[in-house]
Amino acid sequence: EPEVTQTPSHQVTQMGQEVILRCVPISNHLYFYWYRQILGQKVEFLVSFYNNEISEKSEIFDDQFSVERPDGSNFTLKIRSTKLEDSAMYFCASRGGGQETQYFGPGTRLLVL
Amino acid sequence: AQTVTQSQPEMSVQEAETVTLSCTYDTSENNYYLFWYKQPPSRQMILVIRQEAYKQQNATENRFSVNFQKAAKSFSLKISDSQLGDTAMYFCAFWPGSARQLTFGSGTQLTVLP
């Protein structure tokens, strides 16, 4: 069964450093999402992406964040200058056209020191 | 904006028993979808069951079923014959369609006791 994959599974970085989180959505899916979950809290929406542009973004998704689909298979989330409060689990999800279910990847656990 | 409320932060159930997790939501949309996702200790988000708002029939998936009350904006999850592997955090989620986001509730930590 096709699945969403994410790399790395864990990332530790110093405050102020840039990180890039990578996702490979399910191959024929058209809609892509990033969510995050701070430990012990609910899952929060960051951004959705369709047709090579951002469809919707939350207040969390400020100028420090960007997304890209560089090569038709990867979908990346970049955090330019990480803060301590960016420590969280980051989930990528994808959805097929005409379908209603978002399928989630296993997540990247980001720790900012 | 949509909100999703899960009023039970923690629940426990004996193995083989039945448990119901509650979820309410608030929306002005008429057409939407509701989901239950399971998050085991690995923290992966796994789809359990989904319900289309325009369908009156409650969705079922093996031991999992929902009680969808559209007028009351209620969407509870029933787990029958609970198994130890059902121990996880369960999130209720709302999706209004199109390219828009999923909105999650705060989750219910379910523990199945042997």
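None of these values were measured; they are calculated from a predicted model. (Residues numbered from 1 in each chain as written. Chains lettered and ligands numbered in written order. Predicted model: local features only at pLDDT ≥ 70, side-chain atom pairs only at ≥ 80, totals over all residues. Heavy atoms only, no water.)

Things to note about the overall build of chain B
Line of reasoning, step 1. Helix and strand content of chain B: zero helices and 12 strands.
Line of reasoning, step 2. Beginning at the N terminus, the succession of helices and strands in chain B can be written as β-β-β-β-β-β-β-β-β-β-β-β.
Line of reasoning, step 3. Here the C-alpha radius of gyration of chain B, 14 Å, is about what a compact globule of 114 residues would show, namely 13 Å.
Line of reasoning, step 4. C-alpha atoms of chain B, sized along the principal axes, occupy 40 × 25 × 20 Å.
Line of reasoning, step 5. Counting the 114 residues in chain B, one finds 49% classified as buried.
Line of reasoning, step 6. Taking contacts inside chain B between residues at least 6 apart in sequence as the whole, the part at least 24 apart equals 55%.
Line of reasoning, step 7. Carbon and sulfur atoms form 45% of the exposed surface of chain B, whose accessible area is close to 5400 Å².
Line of reasoning, step 8. The distance from the centre of the 9 positive side-chain charges to the centre of the 9 negative ones in chain B is 8 Å. (Helix = DSSP H or I, 4+ residues; strand = E, 2+ residues; numbered from the N terminus. Rg over C-alpha atoms; globule rule 2.2 N^0.38 Å. Buried < 20%, exposed > 50% of the residue type's maximum accessible area, 1.4 Å probe, protein only. Contact = heavy atoms within 4.5 Å. Areas by Shrake-Rupley, 256 points an atom, 1.4 Å probe, with all protein chains shown as cover. Lys, Arg positive; Asp, Glu negative; His and termini not counted. Charge placed at Lys NZ, Arg CZ, Asp CG, Glu CD.)

A closer look at the pattern of salt bridges
Line of reasoning, step 1. This structure, assessed with the given rule, holds six salt bridges over all chains.
Line of reasoning, step 2. Salt-bridge contacts for A:R36 lead to A:E44; the nearest nitrogen and oxygen are separated by 3.3 Å.
Line of reasoning, step 3. In this structure A:R36 comes out as buried when scored by relative accessible area, which is 10%.
Line of reasoning, step 4. Close ionic contact of B:D26 with B:K73 constitutes a salt bridge, the shortest N to O distance being 3.7 Å. (Salt bridge = Lys/Arg side-chain N within 4 Å of Asp/Glu carboxyl O.)

A word on the nonpolar core
Line of reasoning, step 1. Residues B:Y25, B:W36, B:F75, B:L77, B:Y90 and B:L110 are the most contacted members of the largest nonpolar core, which totals 25 residues.
Line of reasoning, step 2. Going through the elements one at a time, strand 3 (19–21), strand 5 (33–39), strand 6 (46–52), strand 8 (64–69), strand 9 (74–79), strand 10 (88–95) and strand 12 (108–113) of chain B are the ones with two or more residues in this core.
Line of reasoning, step 3. With four residues, strand 10 of chain B is the largest single contributor of residues to this core.
Line of reasoning, step 4. In this structure, A:V19, A:I26, A:F65 and A:F75 belong to the second largest nonpolar core, which totals 21 residues. (Core = buried A, V, L, I, M, F, W, Y, C linked by side-chain atoms within 4.5 Å.)

Some details on the pairing of strand 5 of chain B
Residues and elements named next belong to chain B.
Line of reasoning, step 1. Most of strand 5 is tucked away, with seven of its seven residues classed as buried.
Line of reasoning, step 2. Every second residue of strand 5 is oriented toward a common face, with Y33, F35, Y37 and Q39 on one face and L34, W36 and K38 on the other, all of them buried.
Line of reasoning, step 3. Sheet topology places strand 5 next to strand 6; six bridges connect them, and they run antiparallel. Considered in strand 6, the bridge of Y37 is made with L47.
Line of reasoning, step 4. Between strand 5 and strand 6, which follow one another and run antiparallel, lie six residues, and R43 among them has a positive phi close to 75°.
Line of reasoning, step 5. Pairing of strand 5 with strand 10 involves seven bridges; the strand directions are antiparallel. (Pairing = 2+ DSSP bridges.)

Quick notes on the interface of chain B and chain A
Line of reasoning, step 1. Across the boundary between the two partners, chain B contributes 22 residues, which contact 24 residues of chain A.
Line of reasoning, step 2. With both chains or domains summed, chain B and chain A bury close to 1900 Å², and 53% of this area falls on carbon and sulfur atoms.
Line of reasoning, step 3. On inspection of chain B and its partner chain A, the count reaches one salt bridge.
Line of reasoning, step 4. At the junction of chain B and chain A, the tally comes to eight residue pairs in polar contact (both at pLDDT 80 or more).
Line of reasoning, step 5. When residues of the side of chain B that touches chain A are traced back to their parent elements, those giving at least two are strand 5, strand 6 and strand 10 of chain B.
Line of reasoning, step 6. With four residues, strand 5 of chain B is the largest single contributor of residues to the side of chain B that touches chain A. (Buried area = accessible area lost by both parts, 1.4 Å probe. Polar contact = N/O pair within 3.5 Å; in protein donor to acceptor, adjacent residues only side chain to side chain.)

Topic: the state of the cysteines
Line of reasoning, step 1. Under the defined criterion, the tally for this structure stands at two disulfides over all chains.
Line of reasoning, step 2. A sulfur-sulfur distance of 1.9 Å marks the disulfide that ties A:C23 to A:C92. Disulfide A:C23-A:C92: the torsion about the S-S bond is -60°, which places it as left-handed. Of this pair, A:C23 sits in strand 3 (residues 19–24) while A:C92 sits in strand 9 (residues 88–95); the two residues are 69 residues apart in sequence, bridging distant segments of the chain.
Line of reasoning, step 3. Of the residues examined, A:C23 reaches a relative accessible area of 0% and is grouped as buried.
Line of reasoning, step 4. According to the relative accessible area criterion, A:C92 is buried, its value standing at 0%.
Line of reasoning, step 5. B:C23 shares a disulfide with B:C92; S-S distance 2.0 Å. Looking down the S-S bond of the B:C23 and B:C92 bridge, the torsion is -70°, so its handedness is left-handed. Here B:C23, found in the loop between strand 3 and strand 4 (24–26), pairs with B:C92, found in strand 10; they are 69 residues apart in sequence, far enough to count as distant.
Line of reasoning, step 6. Residue B:C92 is classed as buried on the basis of its relative accessible area, which comes to 0%. (Disulfide = S-S within 2.5 Å.)

What about the pairing of strand 7 (residues 65–68) of chain A?
All names here are of chain A.
Line of reasoning, step 1. Examined bridge by bridge, strand 7 and strand 8 (residues 75–79) share four bridges and lie antiparallel to one another. Its bridge partner being in strand 8, F65 is matched across the sheet by I79.
Line of reasoning, step 2. In this structure, the hairpin formed by strand 7 and strand 8 is closed by a connection of six residues, where G72 is found at a positive phi of approximately 80°.

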